[in-house]
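Listed here are the chains, written in short residue letters.
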Amino acid sequence: MTKTRIAAVDVGNDALKANFGKMEHEVYIPNVVAQDFEDRPVIGIEELDKKEVLDNIHIRVHSPALEENNVIYRVGNLATKTNNSTELDPGSSKAEEDQTLIMLFASLALDAVENGAFSMKNKVIDANYTLGTGLPLREVKEGKDVGYRSQLLGSVHQVEFLVTPHHQGKKVNIKFDEVKVYPEGFAAYVNLIMDNDLKVINKDLIDKQILIQDIGGLSTDIAVIRNRNVDDDKAQGFNLGVSESLEQIREEIRTKHGVELDSRRDVVDIITRKNDRHHIMVKGSRTSVHDITDHILLELAKKEYRFLRNVWAKNSQSEICYFVGGGSAVLKDYLKALNNKLDGFNIDFFEDEQESIWMMANAYYKLITDFVNKHAKQEKEEKEAVKAKAK
């Protein structure tokens, strides 16, 4: 029997977060890619293996699922250093973008070359995964999860590492034994009520009607949970996330201070870091950009709050709304202030920003692990039934 490895991957608009195996390996990669050449110039190439792998992901990706096949990419931090890097645009569909697949395959290939679960022969690894991942509620309601899943199943997807520390010349052939695509809102709910061992931790939430507002880079989803399931008719998806506001902040900083930030990731860091928040260096001097970030983020928070107000009005028996996702971490203070001033809804955030950012990847891990366990149990029972019948 082919050995399969669990992968729980959240291809977020800001960054990819992934858990592998029994959560012994995790990967975080900014969701930025840039097409590149095979021989990228490296200063001190003989020192390549002393560099960080995650800062130097340079790959060729071959997959029948891609619109542009057999193309070379810089991925993550390395891509932010180029002039042709791309981040997902507002209005784009995660299920239909090559970039989503490139990020997914890159993370799986990194796991395959680093975890030791698969054997390598002549620098080639054949890696089988059982994947748990997700799409925005809006895309699932439109049925895009079906096409996304079918693109992944039944094909071999190859990642070749080019000028990458420790892995240059290695190839990973990725196959999927199973792919589960979950609606992001429901995944967040699962993460709220279950721990990593799939035990219920918040019993008081199980039978409540709750809202979950997931603010991402390109979209906002509000899931209505009742009777332990997402109410598909009530769930709402909006084409608004934090990406446009981050770009606006980046542009205003460039115009006002002459400072060019590499990517939206840099803007997020300025807004959320522990020290020197809302400050940048301008010609060597620490300079506040709070005037820029404040007015732009407040405007976005007002729009997000309006979404909450409208959905709550149509679901008046909801008891609480949880804000999740990277966008919630960015807007938390503004949303709290607006709520205190206006409606006073029962809302909650995750004070640990990392918990909020990793929520989807952790939820997919719980869901796919539960699926694998139930499948194994069913197989065992079927074998025992066959044996009993044979006797």
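An unreviewed UniProt entry lists the protein chain under the name ParM/StbA family protein, from Virgibacillus salarius.

Another aspect to go through is the UniProt feature "domain: Alp7A-like C-terminal" (unreviewed entry) in the protein chain. In this numbering, the UniProt entry assigns the feature "domain: Alp7A-like C-terminal" (unreviewed entry) to residues 210–348. Annotated as residues 210–348, this span is 47% helix and 24% strand, and its ends, taken at the C-alpha atoms, are 11 Å apart.

Moving on, we come to the pairing of strand 10 (residues 171–183). Where strand 8 (residues 124–135) lies against strand 10, 12 bridges are found, and the strand directions are parallel. What sits directly across from Leu135, in strand 10, is Pro183.

Under the definition given, this model contains 8 aromatic pairs. For the ring pair Phe238 and Phe307, a centre distance of 3.9 Å and an interplane angle of 5 degrees mean the geometry is stacked. You can see Phe238 sitting in strand 14 (residues 236–238) and its partner Phe307 sitting in helix 8 (residues 290–314), a full 69 residues away along the chain. By the burial criterion, Phe238 is buried, and Phe307 matches it. Their ring planes at 45 degrees and their centres at 6.1 Å tell us that Tyr305 and Phe345 sit as a pair that is tilted.

Glancing now at the pattern of salt bridges. In the structure shown here, the tally under the stated rule is 20 salt bridges. Here Lys144 ties to Glu142 by a salt bridge, and the two come within 3.2 Å at their closest N and O atoms. Across the pair Arg254 and Glu251 runs a salt bridge, and its minimum N-O distance is 2.6 Å. Note that Arg254 and Glu251 are positioned in helix 6 (residues 243–257) at a spacing of 3 residues, about one turn of the helix. Given a relative accessible area of 36%, Arg254 falls into the partly exposed group. The exposure class of Glu251 is partly exposed, given its relative accessible area of 37%. By sharing partners, the salt bridges in this structure join Arg5, Glu24 and Asp111 into a single network.

Rules used throughout
Residues numbered from 1 in each chain as written. Predicted model: local features only at pLDDT ≥ 70, side-chain atom pairs only at ≥ 80, totals over all residues. Heavy atoms only, no water. UniProt positions renumbered as here; feature names shortened; annotations may be inferred. Helix = DSSP H or I, 4+ residues; strand = E, 2+ residues; numbered from the N terminus. Pairing = 2+ DSSP bridges. Phe/Tyr/Trp six-rings, centres within 6.5 Å; stacked < 30°, edge-to-face > 60°. Buried < 20%, exposed > 50% of the residue type's maximum accessible area, 1.4 Å probe, protein only. Salt bridge = Lys/Arg side-chain N within 4 Å of Asp/Glu carboxyl O.

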